[in-house]
Amino acid sequence: MTTAAQTGAAGFLARYEGLKDHLPGARKPWLNALRADAAVHFAARGFPTRRVEQWKYTDLAPVAQASFAEPLTMVDGAIALPVPNAKHRAVFVDGRFRPDLSALEGLAFRAGGLAQDLNAAEGLLGALAKPATEPLAALNTMLFEDGLLLDIPDGVDGGLLELVSIAVDPGRPFAFHPRHLIRLGAGARLTLIETATGRGQCLHNPVFEITVAEGASLTHGRMLQEEVTVFHLSTIYATIAAGGTYDNFTVAAGPRLTRNEIHAALTGPRAACHMNGAQMAADGQHVDTTTSLDHAAPDCASRQTYKTVLAGRSRGVFQGKIHVHRVAQKTDGYQMNQALLLSEEAEIDSKPQLEIYADDVKCSHGATVGALDADSLFYLRSRGIPESQAKAMLVEAFLHEAVETVTDDTLRAALTRALDTWWARQRKTA
Amino acid sequence: MLKIEGLTAEVEGKQILKGIDLEVPTGEVHAIMGPNGSGKSTLSYVLSGREGYEVTGGTATFNGQDILAMEPEERAAAGLFLAFQYPVELPGVGNATFLRTALNAQRKARGESELDAMQFLKLARERMKALAMPEDMLKRGVNVGFSGGEKKRNEILQMALLKPSLAILDETDSGLDIDALKIVADGVNAMRGPGFSALVITHYQRLLDYIVPDRVHVLMGGRIVKSGGPDLAKELEAQGYAAVQAAA
C-alpha cells in the first residue's frame, strides 16, 4: 500500500480510484456519473486555499496536508450515545447508519440510511449540491458511503427526530463524508435535532441537500460538539418553496476547526429562512460560519443572527451573503453578527455582503465586535458579584440571547445545554 | 460612618474632585446638591469604585475601613450601595437571577447562608409589593424595556433586598414623575434607622421634600462650598447656585 503516504486531495482521489467499484451504488450509472463528475472537479480544484475568496479567512492547510483514511472497518457493538432529545432518532457511527442504535419505528414517513435505499435517492441526490464550485461538496459526492434519507409526504407532521453522528477514534487519521437528503412535501413539518460528537484525528465532511416544498416547515437544530482534534466541515444546501420555512440554528463548539456553510434559496413567494447560531472557540480553535442566501422570489423574509464568543488565541469568521434577485420585490432581509472577544489574542473576521438587484426591498445588516461591556460589568460588581462571576453571567447572557428566538422548547433546551456545556468547560480552563 | 478627607480625583487626566471633606454619621441622611458638572456623579463613582475614576489624594473610610482600596464587590459586601443615575440594561440576564446572585454573593462574602430560589422569591415579592412593582419585572431581563421610573424602582428594590448600611443615591429623582418619586422616597425612608445612612445626590430640591435630609451640602467646582440643615435646600431652590457661589 502506498496510498497512505499520499496527503490531501491526492490522497482522497487515490482512495476514490481504489474504492469506486465498491462504494454504495457502484452499479448505478446515475450515481457513478455523479461521483465521476465530482472527482473531475475535485481533481481540478483540490482543497480550497486562502486565495479563494470564500476561504480567505479559513485555512484548510491542516486538512489538505494530512493523510486521512476511510473508516474501513465497521465499528460495532455498544457505543455511548448522547442523552436523547427525542423518541425517534437516526444514529450514524463514522458516517454509517446504525439501525441497531436507531429508533425509527412507527414513523409515518421514509427515514433511514441512504446506502440501503439508494433508489429512493435518485433525483434528490445531487439536485442542490454544487460540486463544480465547492470542492468540499465534490469530495463528499465522490466518497460518501451513507447518510440520512428523509422523505416526508405532503401534509405529514413528522414531529421531532434526532440525527446523531458519532465518530469513534480508530487510532489513526480518518475521514467520512455523510450525505444527508431531506425532503418535506407540501405542508409537511419536521423538527430535526442534530448532534455531532466524536474524537480522534478526524475529518467530518457532511453535505445536506434539503428541499422544503410549498407551505412546509423544517426546523433544523445543530450541535457540533466534536472534540478538539476533529475537523468539521459541513455544507448545507436548502431550497424553500412558496410559503415554506427553513429554520436553522447551529451551535458550533468543540472541533479544532468548524466550517458551517449554508446555501439557502427562497424560490417561491412568502418563503422564509431563519439562520441563527452561536459559535465558540478557545485556544487553538477556529470557527467559521458562512452563509449564502438567495432571495429568488418576491415577498420572502430572511433573518440571520449569529453570535461568536472567542477565548484564548482563537479565530472566528462570519461571512454572510444575501443576494436579492431582480424579481424578489418586497424582500425583507436582516442579518446581524455579534462577536464577543474574551481575550486580546482572539480574532474575528466579519464580512457581510449584500447584492440587491430589486428596487423595493428592505435589507439590513449589522455587526458588533467587542469585549465585555465595562458598564455592565461594573453594575454587577457594584451589587457585590465578584468579577469572574459577573463576567460569566454576561457571557452566558450573550449566548442565551442567541437561542431566545428558538420556539421549540425541546430544541431550545438542547441548544442551551450545548452552550452551557461549552461555557462551563471554558470557565474551568480559563 | 462615612468619613471623607481631602479627597481629590481625576477622570481622563482632568481633575474633578478638588478636596472633598465630608462626614456622614451612622443613621443620618445627607444630601449633596450642586449644579451640573460640579462633581456629584464623580464622587459617587469614586466611592463605589468605578474604573476610570482615579483617586489622586485624600482618604475615604467607611466604618473605619479604607474603601478606596477595595474592589467594587468588596465595597458592596461591606454595606455600600450605589443607586445609579442611569441603571444599565442587561439583556439575557433575568432580573430574578441577577437579584438573587447579588444577594447571595454578598451573603456569602459576609459568611451568611445563601437563599434558595423559594426563599428568595418570597422575599423579593414582599419587597416589590411595597414598591408597587409588577411581578413580571422579575422575569424580564435586568432593566430591559423598563421605563425610566421602572428602572429607578428596580434600583430601590435592589437596595431593599441588599440592605446596605450606606446608600448613595445618584440623581435618583431624575426622570421620575411625582408618583414614582413618592414611591422611591418611601422606599428610602423605610430603610432609615440607626443602622442606615444615605448620601442623596440631587440637582433639585424636589426630592428632599420627600426624603428629608439631616444635612445638606453644596458641591461646586469639586469642593463642598457650604453645609447646613434641610433649609439650605430651600434656600438654594429660591436663590440658585450662583448666589451660594457668590457668598462662598
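Residues numbered from 1 in each chain as written. Chains lettered and ligands numbered in written order. Predicted model: local features only at pLDDT ≥ 70, side-chain atom pairs only at ≥ 80, totals over all residues. Heavy atoms only, no water.

**Focus: the nonpolar core**
As a reminder, the rule being used: What we call a nonpolar core is a set of buried Ala, Val, Leu, Ile, Met, Phe, Trp, Tyr and Cys residues that are connected through their side-chain atoms within 4.5 Å. Categorising residues by exposure relies on relative accessible area from a 1.4 Å probe, with only protein chains included: less than 20% of the type maximum marks a residue as buried, more than 50% marks it as exposed, and the intermediate range marks it as partly exposed.
Counting residues in hydrophobic clusters, the biggest one holds 109 residues, and the most contacted among them are A:V251, A:M280, A:L399, B:L2, B:I4, B:L47 and B:M159. Listed in part, the 38 residues of the second largest apolar core include A:A90, A:L150, A:I210 and A:A297.

**Regarding the packing of aromatic side chains**
Just so we agree on the cut-off: For Phe, Tyr and Trp, where Trp contributes only its six-membered ring, two rings pair if their centres lie within 6.5 Å, and the inter-plane angle classes them as stacked under 30 degrees, edge-to-face over 60, or tilted in between. The helix count covers DSSP runs of H or I at least four residues long, the strand count covers runs of E at least two residues long, and both are numbered beginning at the N terminus.
Here the structure, examined in full by the defined rule, presents 14 aromatic pairs over all chains. Judged by centre distance (6.1 Å) and plane angle (20 degrees), the rings of A:F174 and A:F176 are stacked. Judged by relative accessible area, which is 3%, A:F176 ranks as buried. Ring geometry for A:Y379 versus B:F98: centroids 5.7 Å apart, planes at 15 degrees, classification stacked. Linking A:Y379 in helix 6 (residues 374-382) with B:F98 in helix 3 (residues 95-109), this pair reaches from one chain into another.

**As for the sheet that holds strand 10 (residues 197-202) of chain B**
The pairing of strands in a sheet happens through backbone hydrogen bonds and is either parallel or antiparallel. Residue and element names in this part refer to chain B. We apply this condition: At least two DSSP bridges between two strands are needed for those strands to be called paired. Here an angle of 0 to 180 degrees is reported between the N-to-C directions of two axes, which are lines fitted to C-alpha atoms, with helices fitted over the stretch in contact.
Overall, mixed pairing links the six strands, which are arranged 6-9-10-3-11-12 in an open sheet. Two strands in the sheet have a free side with no partner beyond their single neighbour: strand 6 (80-83) and strand 12 (223-228). Going across the sheet, the axis of each strand differs from the next one's by a mean of 20 degrees, ignoring polarity. Pairing geometry for strand 9 (residues 166-170) and strand 10, over five bridges, is parallel. For I168, the partnering residue across the bridge sits in strand 10 and is L199.

**A few points about the environment of A:R383**
To keep it simple, the criterion reads: Residue contacts are counted whenever heavy atoms from the two residues lie within 4.5 Å of one another. Whenever two N or O atoms come within 3.5 Å, that pair is a polar contact, provided that in protein one can donate a hydrogen and the other can accept it, and provided that, for residues adjacent in sequence, both atoms are side-chain atoms.
The residue A:R383 is located in the loop between helix 6 and helix 7 (387-403) in this model. Residue class for A:R383 comes out buried when judged on its relative accessible area of 0%. The contact partners of A:R383, leaving out residues within four places of it in the chain, are B:A76, B:F81, B:L82, B:A83, B:F84, B:F98, B:A102, B:Q106, B:E155, B:Q158 and B:L162. A distance of 2.4 Å separates a polar atom in the side chain of A:R383 from a polar atom in the side chain of B:Q158.

**Digging into the interface of chain B and chain A**
Basically, it comes down to this: A quick way to say it: buried area is the sum, across both parts, of accessible area lost when two parts are put together, with a 1.4 Å probe. Any Lys or Arg side-chain nitrogen found within 4 Å of a carboxyl oxygen on Asp or Glu counts as a salt bridge.
At the interface, 29 residues of chain B touch 18 residues of chain A. Taken over both partners, the interface formed by chain B and chain A buries close to 1,900 Å², and the fraction arising from carbon and sulfur atoms is 65%. Linking chain B with chain A are four salt bridges. Residue B:E155 pairs with A:R383 through a salt bridge whose shortest N-O separation is 2.7 Å. For the pair chain B and chain A, the number of links is eleven residue pairs in polar contact (both at pLDDT 80 or more). If you list the elements that add at least two residues to the side of chain B that touches chain A, you get helix 1 (40-48), helix 2 (72-77), strand 6, strand 7 (90-94), helix 3 and helix 5 (148-162) of chain B. Sorting elements by how many residues they give to the side of chain B that touches chain A places helix 3 of chain B first, with five residues.

**Side note on the packing of helix 3 of chain B against helix 5 of chain B**
Packed helices, taken two at a time, are described by their axes: the angle between them and the distance between them. All names here are of chain B. The condition that has to hold: Definitions for this section: a left-handed crossing has its near helix turned counterclockwise from the far helix by less than a right angle. A right-handed crossing has that turn clockwise. Lys, Arg, Asp and Glu make up the charged group, whereas Ala, Val, Leu, Ile, Met, Phe, Trp, Tyr, Cys and Pro make up the nonpolar group; the residues left over, Gly among them, are polar.
At a closest axis distance of 10 Å, the pairing of helix 3 and helix 5 adopts a crossing angle of 35 degrees. Handedness of the helix 3/helix 5 crossing: right-handed. Between helix 3 and helix 5, the contacting residues are N95, F98, L99, A102, L103 and Q106 on the first element and N154, L157, Q158, L161 and L162 on the second. Per-class residue counts for the contact of helix 3 with helix 5 are seven nonpolar, four polar and no charged.

**Quick look at the sheet that holds strand 17 (residues 301-310) of chain A**
All names here are of chain A. The ten strands are arranged 2-1-5-8-11-13-15-17-19-21 in an open sheet whose pairing can be described as mixed. At either margin of the open sheet sits one strand with a lone partner, and together these are strand 2 (96-97) and strand 21 (362-370). Note that strand 1 (residues 88-93) and strand 2 share two bridges and pair antiparallel. Within strand 2, the position partnered with V93 by the bridge is R96. Against the sheet, helix 7 contacts strand 13 (245-253), strand 15 (272-281), strand 17 and strand 19 (332-341), and its axis sits at roughly 160 degrees relative to strand 17. Taken strand by strand, helix 8 (residues 409-429) contacts strand 5 (157-167), strand 8 (189-198), strand 11 (217-224), strand 13, strand 15 and strand 17, and its axis lies near 20 degrees from that of strand 11.

**A closer look at the UniProt feature "domain: ABC transporter" (unreviewed entry) in chain B**
Stated precisely, the cut-off is as follows: UniProt positions are given in the numbering used here, feature names are shortened, and annotations may be inferred rather than shown by experiment.
Here, the residues flagged by UniProt with the feature "domain: ABC transporter" (unreviewed entry) are residues 2-246 of chain B. Annotation note: span residues 2-246 of chain B, helix share 38%, strand share 29%, distance between end C-alpha atoms 29 Å.

**Details of the pattern of salt bridges**
A complete count under the given rule lists 35 salt bridges over all chains for this structure. The partner of A:E17 in a salt bridge is A:K20, with the nearest N and O atoms 3.1 Å apart. The partner of B:R140 in a salt bridge is B:D136, with the nearest N and O atoms 3.5 Å apart. Connected through salt bridges with shared partners, the residues A:R381, A:E387, A:K391, B:E71 and B:E73 form a single ionic network.

**Concerning the packing of helix 3 of chain B against helix 4 (residues 117-130) of chain B**
Residues and elements named next belong to chain B. Quick note on the threshold: By the definition adopted for this analysis, an angle is roughly parallel if under 35 degrees, roughly antiparallel if over 145, roughly perpendicular if from 65 to 115, and oblique otherwise.
Put simply, helix 3 and helix 4 touch, their axes get as near as 11 Å, and they point 105 degrees apart. As judged from the angle between their axes, helix 3 and helix 4 are roughly perpendicular. Residues A96, L99, R100 and L103 of helix 3 form the contact with helix 4, whose own contacting residues are A117, F120 and L123. Grouping the amino acids of the contact of helix 3 with helix 4 by side-chain chemistry returns six nonpolar, no polar and one charged.

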